Amino acid sequence: MTLQRLLTGDRPTGKLHLGHYIGTIKNRVRLHQHYESYFLLADIHMLTTRNSHDDIVDVPRHAHDMVLDVLAAGIEPDHATFYLQSGVPEVGDLNTIFQYLVTVERLQKIPTLTEMTRDAGLDEMPFGMLGYPVMQTADILGVKAEAVPVGQDIAVNVEVTREIAARFNTDRK
């Protein structure tokens, strides 16, 4: 029996804490028992709000610590694939293709992008922030994920993924 694929992940911005466990990791451990599981270390996504030299230099350490923490919480390493987003060039390739299948106007309607920009202390939204949902589409479709557990704030990005996938799979003349 082939299991459905699950994709979940985090941006490697620092140490995980009890809030991460209660908010997402506990659920991931539960879901992991029923899915072929992919765990994304979203270092490219991190750049939308954390892109200083120190942030970038700390990625390997934070990514390593995140994997160890998730394994310690109960993820079985023999049944999980962990990967660093920037280490899979195809994610960038898909992102480039998918950028042409969604409009700027559609992306500007996503309220969480404005909130993320504001919360990051940025005066204006950088291009990478606007493209965040498109990169998430590349993450999701790149591993052919059928389950993507997200909070309400990110649910609209999964809807954008459905829209881009439908457009990609439509016979364009």
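Up top you'll find the structure we're talking about.
Position labels on residues start from 1 in each chain and follow its written sequence. The predicted nature of this model means local features are confined to residues of pLDDT at least 70 and side-chain atom pairs, given and counted, to a pLDDT of 80 or more, with totals for whole chains, interfaces and linings taken over all residues. Just so you know, side-chain values use all the structure's heavy atoms and leave hydrogens and water out.

### As for the overall build of the protein
Consideration 1: Within the protein, the secondary structure is distributed over 10 helices and three strands.
Consideration 2: By definition, any uninterrupted DSSP run of H or I lasting at least four residues is a helix, any uninterrupted run of E lasting at least two residues is a strand, and each is numbered from the N terminus. Helices (α) and strands (β) of the protein occur, in sequence order from the N terminus, as β-α-β-α-α-α-β-α-α-α-α-α-α.
Consideration 3: Radius of gyration: C-alpha atoms only; globule rule: 2.2 Å multiplied by the number of residues to the exponent 0.38. What you see for the protein is a C-alpha radius of gyration of 16 Å, in line with the 16 Å of a compact globule of 173 residues.
Consideration 4: When each of the 173 residues of the protein is scored for burial, the buried share is 39%. Burial here depends on accessible area, computed with a 1.4 Å probe over protein chains only, as a share of the maximum for the residue type. Under 20% is buried, over 50% is exposed, and the range in between is partly exposed.

### Describing the pattern of salt bridges
Consideration 1: Note on definitions: salt bridges are taken to be side-chain nitrogens of Lys or Arg within 4 Å of carboxyl oxygens of Asp or Glu. In the structure shown here, the tally under the stated rule is seven salt bridges.
Consideration 2: A salt bridge links Glu163 to Arg106, with the shortest nitrogen-to-oxygen separation between them at 2.8 Å. Note that Glu163 is positioned in helix α10 (residues 152-168) and Arg106 in helix α6 (residues 104-108), a separation of 57 residues in sequence.
Consideration 3: The class of Glu163 is partly exposed, set by a relative accessible area of 31%.

### Here's the deal with the packing of helix α5 (residues 89-99) against helix α9 (residues 132-142)
Consideration 1: Packing of α5 against α9 brings their axes to within 8 Å, and their N-to-C directions diverge by 125°. In terms of axis orientation, α5 runs oblique to α9. The crossing of α5 and α9 is right-handed. On the side of α5, the interface is formed by Val91, Leu94, Asn95, Phe98 and Gln99, while α9 contributes Val134, Met135, Thr137, Ala138, Asp139, Leu141 and Gly142. A fitted line through C-alpha atoms serves as each axis, taken over the contacting stretch for helices, and the angle formed by two N-to-C directions is quoted from 0 to 180°. Small angles under 35 degrees read as roughly parallel and large ones over 145 as roughly antiparallel, with 65 to 115 read as roughly perpendicular and the rest as oblique. It is the rotation of the near helix from the far one that decides the hand of a crossing: anticlockwise by less than a right angle makes it left-handed, clockwise makes it right-handed. Only heavy atoms enter the contact rule, under which two residues are in contact if any of them lie within 4.5 Å.

### Considering α9
Consideration 1: Counting buried residues along α9, nine of its 11 residues qualify, which places the element largely inside the surrounding structure.
Consideration 2: Those residues of α9 that fall on the buried side of the exposure criterion are Tyr132, Pro133, Val134, Met135, Gln136, Thr137, Ala138, Asp139 and Ile140.
Consideration 3: Directly beyond the C-terminal end of α9, a positive phi value near 55° is found at Lys144.

### Details of the pairing of strand β2 (residues 36-41)
Consideration 1: In terms of burial, β2 is largely enclosed, as five of its six residues are buried.
Consideration 2: DSSP bridges decide pairing: two strands pair if at least two such bridges lie between them. Both strand β1 (residues 5-10) and β2 contribute to a ladder of six bridges, which runs parallel. From the neighbouring strand, Gly9 faces β2, where its bridge partner is Leu40.
Consideration 3: Handedness of the crossover is the feature at issue here: the chain leaves β1, passes through helix α1 (residues 18-32), returns alongside β2, and the resulting connection is right-handed.
Consideration 4: In this sheet, strand β3 (residues 80-84) lies alongside β2 in parallel orientation, the contact comprising five bridges. Looking across to β3, one finds that Leu41 is bridged to Leu84. Handedness of a crossover is defined as follows: with both strands directed away from the viewer, a clockwise route from the first strand across the helix to the second makes it right-handed.

### Things to note about the sheet that holds β3
Consideration 1: Overall, parallel pairing links the three strands, which are arranged β1-β2-β3 in an open sheet. Both outer strands of the open sheet, β1 and β3, are each paired with one neighbouring strand and no more. Each strand of the sheet is rotated relative to its neighbour by a mean of 20°, with strand direction disregarded.
Consideration 2: Packed on one face of the sheet, helix α4 (residues 59-73) meets β1, β2 and β3 and runs near 165° to β3.

### Section: α10
Consideration 1: Every helix has an expected span of 1.5 Å times one less than the residues it contains. Compared with the 24 Å implied by 1.5 Å per residue over 17 residues, the 25 Å span of α10 between its first and last C-alpha is a close match.
Consideration 2: If you check which residues of α10 are buried, you get Ile154, Asn157, Val158, Val160, Thr161, Ile164 and Ala165. Each buried residue of α10 lies within a common arc of 155° when the element is viewed along its axis, so the set occupies one face. Residues of α10 that are exposed and point more than 90 degrees away from the buried face comprise Gln152 and Arg162. When we speak of the arc, we mean the arc of directions from the helix axis to the C-beta atoms.

### Here's the deal with the packing of aromatic side chains
Consideration 1: Within 6.5 Å between ring centres, the rings of Phe, Tyr and Trp (the latter by its six-membered ring) count as paired, and their orientation is classed by plane angle as stacked under 30 degrees, edge-to-face over 60, tilted in between. Throughout the structure, instances matching the rule amount to two aromatic pairs.
Consideration 2: Ring centres of Phe98 and Phe168 lie 5.8 Å apart, and the angle between their planes is 85°; this geometry places the pair in the edge-to-face category. One end of the pair, Phe98, is in helix α5; the other, Phe168, is in helix α10, with 70 residues separating them in the sequence.
Consideration 3: Phe98 gets classed as buried once you look at its relative accessible area, which sits at 2%.
Consideration 4: When its relative accessible area of 38% is taken as the criterion, Phe168 is described as partly exposed.

Everything listed is a geometric property; what it means functionally is a separate question.
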